[in-house]
Amino acid sequence: MKTTTRVVVIGGGVVGASVLYHLTKLGWSDVMLVERSELTSGSTWHAAGGFHTLNGDTNMAALQGYTIRLYRELEEITGMSCGLHHVGGITLADNQERFDMLLAERAKHRYMGLETEIVGPEEIAKLAPIVNLDGIIGALYDPLDGHLDPSGTTHAYAKAARMGGAEIVTHCHVKETTQRTDGTWEIFTDKGTIHTEHVVNAGGLWAREVGAMAGVYLPLHPMEHQYIVTDETPEIYERETEHPHVMDPAGESYLRQEGRGLCIGFYEQPCRPWAVDGTPWNFGHELLPDDFNKIEDSIEFAYKRFPVLERSGVKSVIHGPFTFAPDGNPLVGPIPGLRGYWSACGVMAGFSQGGGVGLMLAQWMVHGECERDTAAMDVARFGDWISPGYTLPKVIENYQKRFSVSYPNEELPAARPNRTTPMYDIFDRMGAVWGQQYGLEVVNYFAEGDEPRYETPSFRRSNAFEATAREVKSVREAVGINEVHNFGKYRVTGSGARAWLDRIMAGRIPKPGRLSLTPMLAPSGRIIGDFTVSCLDEQTFQLIASYGAQAYHMRWFLQHEEGGVSIKNISDKLNGFQIAGPKATEVLQACTRDVVDLKFMDIRKMTIGMTECLVQRVSYTGDLGYEIYCDPMAQRQLWATLWSAGQPLGMKPFGMRAMMSLRLDKFFGSWGAEFSPDYTCAETGLDRFISWKKNTNFIGRAAAEAERDTPPERINAAFVVETEDADVHAYEPVWIDGEVQGFCTSGGYSHHTQQSIALALIPRDRAVPGLEAEIEILGKRCKARLLSEVPFDADGARMRG
Ligand SMILES: Cc1cc2nc3c(=O)[nH]c(=O)nc-3n(C[C@H](O)[C@H](O)[C@H](O)COP(=O)(O)OP(=O)(O)OC[C@H]3O[C@@H](n4cnc5c(N)ncnc54)[C@H](O)[C@@H]3O)c2cc1C
């Protein structure tokens, strides 16, 4: 066994093996994997081996597509068999909402190059004759679905990695991981100590325990899971071709052919977490005892959907644990604040996702960034507020909802409320309908009178429509007020602060008393942040960006920290309100003896009522507006002052639904939609905020300049869409001249201009005013016309005046 290496991967399940293979594929051969037992000794050996591309997150779906296509490559490289059965699969819909979800997925697949199809009952009967079609509206057919041999596949990854120079040591138990002062790691095993630059935690069922060795809490939890293999079934073995997979979300089951019989697994409601206080080290190749009580209702449902099952005996039952993160997606990437420590765990569908996880992690380690946005799987999507107390109920919820329809406006109830500000009870009494962002309660809108305090999950316009319209109206016609708690906020101080910001940010860093907008770029020129930077004095700056990206941004800042600069995350230490609308200045003036003469993009300290505040004149609503920041201890007092001054002027509170509608009037992009590592500045229009004049080699400069010289092929454009009751959310295809030539990044209903707006990436040469296109929403191609001018305040007189 080597005692010095560049990377130690801990864990020889399918995920660890994939990471190891991908590291060698990208050129790192001095890498090793240590496994406490034989390869596959965690969840991997007892998996059902099914794979599919369907995933609510588009990037995850693309990576699942990559994983599935990789198996042939592995077979070719190694000459080993992965036991592939590319039999195709259907996902059934027994109600309109489920069918809408499948239509939306199919639409996304069009530009992702996935050849899925919507099929009706007649085709279902031909494809999968054992399905009882009562109540079935249709299904999504995916020819890529199939299953494989879990053990063979893991060994194929391992062989391919060995061929690339990797070493694999089995029966080698990692007992401790310790970081040296130079940032490198010592891995203490029962076979000796290994010194390494990088550690990858691919500990699967034991990832929590492996993380704890380095003081890292990984938010995942194992759940028990059960599938049944039936005896031989004539309806199956008499077929000429293998039966396709059938996912039946209504019955929370997945079914496939296994030899001459069937195999069916369930995501049952009375589910059970496993090893709540930690995974025992002596758990090995054993299964959990059969538990038919837990799946009794699921089996009863399955008998109705697949009557053949009632006649088939049970040959064997597989009941074992595997891990989930709170949202069901993997936990991948560098652990924020810990050099050289990488996560590759929480992978609940190792055979659909393992290849993509391995590829992304290897790119991150070798190239410093990934080829696509990894937000859905980034371990940094959970901040340091995460705890086992939060993870457990969320994981249970996720398991139970594994096959539920997931709606774009859905707010899941488990583990809430978790984090709240001093405004929580005040807003709650005012009718707040709550959402959740990065653990924080956020008002989506305010219900009035006898309106329900719950937004109906839907792909179409929801019951929040009227309330959102009211709130938008009050902003555009009078003044609205909304909390600024869900902004990520950072304080950058020190003698080197300006120089550091000039290097980290692509845009202009403002003078004292002013603010500016700036993109933050990766070396490849991809967008990794859109920031507002305010200069309080030459050595003190405040940054504002997305609340949900705090750990992601702090990780980047700390990776690029320099002497003479201190960077602090103050997101929850600074709170306050934004007021926006034509009467905003009047309200503010009524609350202070200071003269309110701030110009657009000014920042100033002011006393508002009894509270010392920082006031910046800027608003994401695109209106005349102010962001007013204060110590959270003074927030209720600030509220009382602003609210009572606002009443005679028609002030109303507004929530996130209104905010996202208001920003569309100005085509403002948003983080995670228009602005993400999937796109560049020139594609999304953020290039106008790049400071070409500044004499600094800011990160991403060379790539941004190359793009300035050779503009990208696609560009973000705005459309008005003719649609009745459903708006664009994201990733809907854009049809131009009868072909899919682009896709939407976001959209929604502009209540102020009373039209449905979509923002979309389309070919640059087609982005001409008046272009007639079609945008596919829930299977319907809706007419869309390209808008060349923002429909509100086009000359900026209101916002800047
Ligand atoms: C019943 C069941 C059915 C399933 N069906 C499917 C399916 O059809 N399709 C699908 O995609 N997924 C399925 N899964 C999920 C799948 O099994 C997991 O996604 C996958 O196995 C996770 O792999 P992993 O490598 O992350 O973890 P694991 O397989 O748990 O591997 C972790 C490895 O790390 C090793 N290790 C841990 N700690 C140490 C240490 N300190 N030192 C050395 N080694 C260590 C362990 O011994 C283990 O071998 C199923 C799971 C179950 C339980």
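All of the points below concern the structure found in this document. (Residues numbered from 1 in each chain as written. Predicted model: local features only at pLDDT ≥ 70, side-chain atom pairs only at ≥ 80, totals over all residues. Heavy atoms only, no water.)

## Some details on empty space enclosed by the protein
No. 1: All told, the structure shown has three cavities of 30 Å³ or more when counted by the stated rule.
No. 2: Space inside the second largest cavity adds up to approximately 70 Å³.
No. 3: Phe-427, Val-442, Val-443, Phe-446, Asn-482, Glu-483, His-485, Asn-486, Phe-654 and Met-656 together form the lining of the second largest cavity.
No. 4: For the lining of the second largest cavity, the element with the highest residue contribution is strand β20 (residues 440–446), accounting for three residues. (1 Å grid on protein atoms, 1.4 Å probe; cavity = no way out; pocket = protein on both sides within 12 Å on 5 of 7 lines; lining within 4 Å. Points joined across faces, edges and corners; volume = space filled by probe spheres on them. Helix = DSSP H or I, 4+ residues; strand = E, 2+ residues; numbered from the N terminus.)

## Points about helix α3 (residues 96–112)
Since one α-helical turn is 3.6 residues long, residues separated by three or four positions face the same way.
No. 1: Helix length check: α3 (17 residues) gives 24 Å between terminal C-alpha atoms against 24 Å at 1.5 Å per residue, within 8%.
No. 2: In this structure, the buried residues of α3 make contact with α2 (58–78), β4 (89–93), β5 (117–119), β6 (138–142), β33 (733–736) and β36 (772–777).
No. 3: Looking at where α3 begins, the residue whose side-chain oxygen comes 3.2 Å from the main-chain nitrogen of Glu-97 is Asn-95.
No. 4: Positive phi appears at Gly-113, one or two residues downstream of α3, with a value of about 80 degrees. (Expected span 1.5 Å × (residues − 1). Contact = heavy atoms within 4.5 Å. Polar contact = N/O pair within 3.5 Å; in protein donor to acceptor, adjacent residues only side chain to side chain.)

## Things to note about the pattern of salt bridges
No. 1: This structure, assessed with the given rule, holds 48 salt bridges.
No. 2: With a shortest N-O distance of 2.6 Å, Asp-727 and Arg-461 are connected by a salt bridge. On the criterion of sequence distance, the pair formed by Asp-727 in the loop between β32 (714–721) and β33 and Arg-461 in the loop between β20 and α13 (465–477) is long-range, its members being 266 residues apart.
No. 3: Overall, the relative accessible area of 9% leaves Asp-727 in the buried class.
No. 4: Here Asp-597 makes a salt bridge to Arg-604, at a shortest N to O gap of 2.7 Å.
No. 5: If you follow the salt bridges from partner to partner, you end up with Glu-224, Glu-268, Arg-272, Asp-291 and Lys-294 in one network. (Salt bridge = Lys/Arg side-chain N within 4 Å of Asp/Glu carboxyl O. Buried < 20%, exposed > 50% of the residue type's maximum accessible area, 1.4 Å probe, protein only.)

## Details of the site of the ligand
No. 1: Lining the immediate environment of the ligand, one finds 39 residues, of which Glu-35, Arg-36, Thr-44, Val-347 and Phe-351 sit closest.
No. 2: Glu-35 places a side-chain nitrogen or oxygen 2.6 Å from an oxygen atom of the ligand.
No. 3: For the ligand, whose free accessible area comes to 1000 Å², the fraction covered by protein is 97%.
No. 4: Every element with two or more residues in the shell around the ligand is listed here: α1 (14–25), β12 (221–230), β16 (314–324) and α10 (350–367). (Near = heavy atom within 4 Å. Areas by Shrake-Rupley, 256 points an atom, 1.4 Å probe, with all protein chains shown as cover.)

## Describing the sheet that holds β12
No. 1: The strand order across the open sheet built from eight strands is β5-β6-β4-β13-β14-β15-β12-β16, with neighbouring strands paired in mixed fashion. At either end of the open sheet lies a strand with only one pairing partner, and these are β5 and β16. Taking the axes of each pair of neighbouring strands and ignoring which way they run, one obtains an average angle of 25 degrees across the sheet.
No. 2: Note that strand β13 (residues 245–248) and strand β14 (residues 253–258) share three bridges and pair antiparallel. For Met-247, the partnering residue across the bridge sits in β14 and is Tyr-254.
No. 3: Helix-sheet contacts for helix α11 (residues 388–400) involve β12, β15 (261–266) and β16, and the interaxial angle to β12 is about 25 degrees. (Pairing = 2+ DSSP bridges. Axes fitted to C-alpha atoms, helices over the stretch in contact; angles between N-to-C directions.)

## Observations concerning a negative patch on the surface
No. 1: Residues Glu-115, Glu-117, Glu-122 and Glu-123 make up a contiguous surface patch of negative charge.
No. 2: On the basis of relative accessibility, which here comes to 41%, the residue Glu-117 falls in the partly exposed class. (Patch = residues over 30% accessible without salt bridge, like charges linked within 9 Å, V, L, I, M, F, W, Y side chains within 5 Å. Lys, Arg positive; Asp, Glu negative; His and termini not counted. Charge placed at Lys NZ, Arg CZ, Asp CG, Glu CD.)

## A look at the packing of α1 against helix α5 (residues 150–163)
No. 1: Between α1 and α5, the shortest axis-to-axis distance is 8 Å and the interhelical angle comes to 25 degrees. Relative to α5, α1 is oriented roughly parallel. At the point where α1 passes α5, the crossing takes the left-handed sense. Taking contact as the criterion, the partners of Val-14, Ala-17, Ser-18, Leu-20, Tyr-21, His-22 and Thr-24 in α1 are, on α5, Thr-154, Tyr-157, Ala-158, Ala-160 and Ala-161.
No. 2: Looking at side-chain class alone, the contact of α1 with α5 contains eight nonpolar, four polar and no charged residues. (Parallel < 35°, antiparallel > 145°, perpendicular 65-115°, else oblique. Left-handed = near helix turned anticlockwise from the far one by under 90°. Nonpolar A, V, L, I, M, F, W, Y, C, P; charged D, E, K, R; others polar.)

## Description of the layout of surface pockets
No. 1: Roughly 590 Å³ of volume is contained in the second largest pocket.
No. 2: In terms of lining residues, the second largest pocket is bounded by 26 residues, among which Pro-336, Phe-382, Gly-383, Asp-384 and Ala-551 are the most central.
No. 3: Here the element with the most residues in the lining of the second largest pocket is helix α15 (residues 550–559); it accounts for five residues.
No. 4: Taken together, the residues of the lining of the second largest pocket sort by class into 15 nonpolar, six polar and five charged.

## A few points about the pairing of strand β9 (residues 174–179)
No. 1: With five bridges connecting them, β9 and strand β10 (residues 185–189) associate as antiparallel partners. Bridged to Thr-177 within β10 is Ile-187.
No. 2: What sits between the antiparallel neighbours β9 and β10 is a turn of five residues, in which Gly-183 has the positive phi angle 95 degrees.

## Side note on the side chain of Arg-476
No. 1: Note on placement: Arg-476 falls in helix α13.
No. 2: Here Arg-476 falls in the buried class, since its relative accessible area comes to 4%.
No. 3: Polar contacts involving the side chain of Arg-476 include one to the main-chain carbonyl oxygen of Leu-662, which spans 3.3 Å.

## Here's the deal with the packing of α13 against helix α18 (residues 656–664)
No. 1: α18 packs onto α13 with a crossing angle of 60 degrees between their chain directions and a minimal axis gap of 9 Å. In terms of axis orientation, α13 runs oblique to α18. In the crossing of α13 with α18, the sense of the turn from one axis to the other is right-handed. Every residue of α18 that contacts α13 at Thr-468, Glu-471, Val-472, Val-475 and Arg-476 is listed here: Arg-657, Ala-658, Ser-661 and Leu-662.

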